[in-house]
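Listed below, chain by chain, are the residues.
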Amino acid sequence: MTACGDDADDTGDDTATSDDGTSDDGTSDDGSSAELELMEEGTLRVGSDIDFPPFEMVEDDEIVGFDVDLMEEIADRLGVEVEWVDTPFDTIFTQLAAGDFDAIISGITITEDRQQTVDFSDPYFESIQSVVVRTDSDISGVADLADADVGVQAGTTGEAYAQENFTDSTVRDFPTYPAAFTALETEGVDAVFADLPAAESQVEGSDVLEIAEEVDTGERYGIAVQPDDEAMRSAINEQLEAIIADGTYEEIYAEWFDGQQPPESFRS
Ligand code: ARG
């Protein structure tokens, strides 16, 4: 099938100087790549901050993780190849909106704020926050964070929550999740506030870290697309639904989360 995506900067909103003029936006959405306006034909350019185990990371020179498997599966079913573009988390939304990617997946929480800039797929994962400390710490949860240095990743929902709620703490930004955890291990900060699944993965690999408290922020991850790219959004949603319905989602989940079952809404 022919992907009709042809011009590079098709964010739709501003001066779309597409050379061919006719943007054939017959948005009959049967989920095939035929309606997708891709930056490059046959390729889904996906931005991600590839340093967020177990969702996206580099292992033996390969990009792997839950998000990676899920996105590859979606792309596969759309008949396109993923081109992964590693990108800092705190500029990922503006870059997407500026037309740098066809989509982004990066353990991204769907928020109203972000919906001002980009559009989201249906949710594909449920998450909450957590306070991570060293095992020798006397911080046993949020209540002990006054006067503490709390590490967060810049641009995340964890950062926003910490700034709003930990008003007696010093919230310190790190460019990546692993950098924040390294600072915690080396006593550069007293705690890290992080998405629970990512925190669990860090704690698993460390002798000196533990989760002190879980904070139920009720977050849901989504795949973001360029604002108003309804064809892309519905194509992704359609494949996501099929991947959940036929049990592929459960397989991917079990692979990255110790053989566990996903929450009810993601089971076939
Ligand atoms: N879920 C959080 C958020 O949306 C953290 C995501 C961090 N992702 C990453 N790849 N570093 O802000």
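About the thresholds
Within every chain, residues take consecutive numbers counted from 1 along the sequence as written. Only residues with pLDDT of at least 70 get local features here, since the model is predicted, and only at 80 or more are side-chain atom pairs given and counted; chain-wide, interface and lining totals rely on the full set of residues. For side-chain calculations, the full set of non-hydrogen atoms in the structure is used, while hydrogens and water are omitted. Exposure above 30% relative accessible area and no salt bridge define the residues that can form patches, which grow by joining like charges within 9 Å and nonpolar side chains of Val, Leu, Ile, Met, Phe, Trp and Tyr within 5 Å. Computed with the Shrake-Rupley method and a 1.4 Å probe, the accessible areas treat only the protein chains shown as cover for residues. One speaks of a salt bridge when a side-chain nitrogen belonging to Lys or Arg is within 4 Å of a carboxyl oxygen belonging to Asp or Glu. Under this rule, positive means Lys or Arg and negative means Asp or Glu; His and the chain ends count for nothing. Note that the charge is assigned to NZ on lysines, CZ on arginines, CG on aspartates and CD on glutamates. A helix here means a DSSP run of H or I that spans at least four residues, while a strand means a run of E at least two residues long, and both kinds are numbered starting from the N terminus. Summary of the burial criterion: residues with accessible area below 20% of their type's maximum are buried, those above 50% are exposed, and those between are partly exposed, where the area comes from a 1.4 Å probe applied to protein chains only. In protein, a polar contact requires one atom able to donate a hydrogen and another able to accept it; more generally it is a pair of N or O atoms within 3.5 Å, and residues adjacent in sequence count only if both atoms are side-chain atoms. Residues are treated as being in contact if the distance between any of their heavy atoms lies within 4.5 Å.

Asker: Go over a negative patch on the surface, please, and point to the residues and values.
Answerer: A contiguous patch of negative charge, built from D138, D144, E200, E204, E213, E214, D216 and D258, is present on the exposed surface. When contributions to the negative patch are tallied by element, the ones reaching two or more residues are α6 (196–204) and β11 (209–221). For the negative patch, the leading source of residues is β11, giving three residues. Secondary-structure assignment places E214 in strand β11. You can call E214 partly exposed: its relative accessible area is 46%.

Asker: Residue-level account of the side chain of T157, with values.
Answerer: Examined against the element boundaries, T157 turns out to sit in helix α4 (residues 157–165). Assessed through its relative accessible area of 16%, T157 is described here as buried. At 2.7 Å, the side chain of T157 forms a polar contact with the side chain of E219. Non-local contacts of T157, meaning those with residues more than four positions away in its chain, are made with T109, T111, R114, Q129, D195 and E219.

Asker: How would you explain the pattern of salt bridges if you had to name every residue and give the values?
Answerer: Tallying each qualifying case throughout the model produces seven salt bridges. Close ionic contact of D246 with R77 constitutes a salt bridge, the shortest N to O distance being 3.0 Å. Here D246, found in the loop between α7 (230–245) and α8 (248–256), pairs with R77, found in helix α1 (residues 66–78); they are 169 residues apart in sequence, far enough to count as distant. What makes D246 partly exposed here is its relative accessible area of 43%. Taking relative accessible area as the criterion, R77 reaches 29% and is therefore assigned partly exposed. As a salt-bridge pair, R267 and E264 come within 3.9 Å of each other at their nearest N and O atoms.

Worth remembering: the numbers are spatial, not functional.
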